Amino acid sequence: MRVLLVGAGGVGTAITRIAARRPFFEAMVVADYDLARAEAAVAALDDAGTRFRAERVDAGDEAAVTELLARHACDVLLNATDPRFVMPLFRAARAASATYVDMAMSLSRPHPERPYEECGVKLGDAQFEDAAEWEKAGLLALVGMGVEPGLSDVFARYAADELFDEIEEIGVRDGANLTVDGYDFAPSFSIWTTIEECLNPPVVYEADRGWFTTAPFSEPEVFDFPAGIGPVECVNVEHEEVLLMPRWIGAGRVTFKYGLGNEFIETLKTLRLLGLDRTGPVTVPGPDGPVRVSPRDVVAACLPDPATLGERMHGKTCAGTWVKGVKDGAPREVYLYHVVDNQWSMAEYGSQAVVWQTAVNPVVALELLADGAWKGAGVLGPEAFPAGPFLELLTAYGSPWGLREQ
């Protein structure tokens, strides 16, 4: 396997550090718009210059990405950029007849008249429109293969196959007790992506209704997270799992709720109130005349890079899937989860907990694709594959998962 990794930010760099310990691939080309960032990611590895090398590429330039895949004979494109670049990279992989893997899906657009009742363009719609073409070509696009979406979807598949005869509800629940020294407001993940998913209308799935939307931060509930994290208030957030799980798993209801905290929610609401969540450019004065900038990009530039916060972070993050249903005629509820302690991830990999937890899952998936344990054609989510091999290999990577009866 020869991999083109596009994106050398926090998650991309963590991917290189995890993958460097595994022998399943022949080469990994680390490409970024900022060549110095890609070079830094490669230089930190023991086998820099052998299996790893750095390149510069614009993720929005399909032709350049396609050419880079061909030049290095890469048969897999792993997308570690933000969701704005999903479609150009998805198309570039198809043009190069390469397997495509991402951790988030093509962007949504709210319904123009009823944004908090009806779906407009849903997450992943643009990719699923091309599913028949990928399947006809015998090529695989594995979408949503991070932690959430990704591992959370694997948990849902495992629950459906091994733990339940009938599933009434699947609820992805994400919470943490992370703190960052020296900052009053310092998101642990990309603020660009966080604004996108938290301020868009959340999607809910119900079997008798299909997909529909609700207001941001709706249906608050307190969920008790394991490993000492404890009770955290979680709210509805737009996320890919709700669009993926019903395609392969029968369930009466599917939701995604995130433990954001009231301060974080109020900050996001203020950004929207001021128009600072917008992605379209506005004109502002500059030293050499007017310049066009995106307000959301300005917000991101004003905040610390989440990848640099590891030394200041303390606590744990938990990603998991709560499932309610029936087994052998009796009601059952379980929470399947994965916890990463920031102290451990920093000591072991030099990566903060949230980006490391996101990064480990696509590497596990690549290894399963390389050895043939996972195979398929078309545009497929993690639910389309057997969960057992993934969870076994995740444990072998030194990061076990857990199951709690509710």
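No experiment lies behind these values; they were computed from the predicted model shown. (Residues numbered from 1 in each chain as written. Predicted model: local features only at pLDDT ≥ 70, side-chain atom pairs only at ≥ 80, totals over all residues. Heavy atoms only, no water.)

Moving on: the pattern of salt bridges. For the coordinates displayed, the defined rule picks out 25 salt bridges. Among the ionic pairs, Glu-133 bridges to Arg-94, the shortest N-O distance being 3.2 Å. One end of the pair, Glu-133, is in helix α6 (residues 131-136); the other, Arg-94, is in helix α4 (residues 86-95), and 39 residues separate them in sequence. The class of Arg-94 is partly exposed, set by a relative accessible area of 22%. (Salt bridge = Lys/Arg side-chain N within 4 Å of Asp/Glu carboxyl O. Helix = DSSP H or I, 4+ residues; strand = E, 2+ residues; numbered from the N terminus. Buried < 20%, exposed > 50% of the residue type's maximum accessible area, 1.4 Å probe, protein only.)

Its place among the elements puts Val-299 in helix α11 (residues 295-302). Residues Val-299 and Ile-191 lie 108 residues apart in sequence; the distance between their C-alpha atoms is 7.9 Å. Residues within four places of Val-299 in sequence aside, it is in contact with Ile-191, Ile-195, Leu-271 and Leu-276. (Contact = heavy atoms within 4.5 Å.)

Here we come to α11. Every buried residue of α11 is listed here: Pro-295, Arg-296 and Val-299. Angular distribution of buried residues about the axis of α11 spans 100 degrees; they occupy a single face of the element. On its buried face, α11 is in contact with α8 (191-199), α10 (262-273), β14 (282-284) and β15 (291-293). (Arc of directions from axis to C-beta.)

On to α10. Helix length check: α10, at twelve residues, gives a terminal C-alpha distance of 16 Å against a target of 16 Å (1.5 Å per residue), a fit within 8%. Among all positions of α10, only Phe-264, Ile-265, Leu-268 and Leu-271 are buried. Buried residues along α10 cover an arc of 120 degrees about the axis, so they all sit on one side. Seen from the buried face of α10, the exposed residues on the opposite side, beyond 90 degrees, are Asn-262, Glu-263 and Leu-273. Against the buried residues of α10 lie α8, β12 (230-236) and α11. A positive phi of about 80 degrees marks Gly-275, the residue just after α10. (Expected span 1.5 Å × (residues − 1).)

Burial within strand β7 (residues 166-176) is extensive, with eight of its eleven residues counted as buried. Bridge count for β7 against strand β17 (residues 316-327) is ten bridges, and the pairing is antiparallel. In the strand pairing of β17, Asp-174 is matched with Ala-319. Note that β7 and strand β13 (residues 253-258) share six bridges and pair parallel. Opposite Val-172, over in β13, you have Phe-256 as the bridge partner. (Pairing = 2+ DSSP bridges.)

The next thing to look at is a nonpolar patch on the surface. Taken together, the side chains of Leu-273, Leu-274 and Leu-276 present a nonpolar region at the surface, about 320 Å² in accessible area. Positionally, Leu-274 belongs in the loop between α10 and β14. Residue Leu-274 is classed as exposed on the basis of its relative accessible area, which comes to 57%. (Patch = residues over 30% accessible without salt bridge, like charges linked within 9 Å, V, L, I, M, F, W, Y side chains within 5 Å. Areas by Shrake-Rupley, 256 points an atom, 1.4 Å probe, with all protein chains shown as cover.)

Following both chains from N to C, one finds helix α7 (residues 151-163) and helix α9 (residues 240-248) inclined at 30 degrees, their axes separated by 10 Å at the closest point. In terms of orientation, α7 lies roughly parallel with respect to α9. Remark: the crossing between α7 and α9 carries right-handed chirality. Where α7 abuts α9, its residues Ser-152, Asp-153, Ala-156 and Arg-157 lie against Glu-241, Leu-244, Met-245 and Trp-248. (Axes fitted to C-alpha atoms, helices over the stretch in contact; angles between N-to-C directions. Parallel < 35°, antiparallel > 145°, perpendicular 65-115°, else oblique. Left-handed = near helix turned anticlockwise from the far one by under 90°.)

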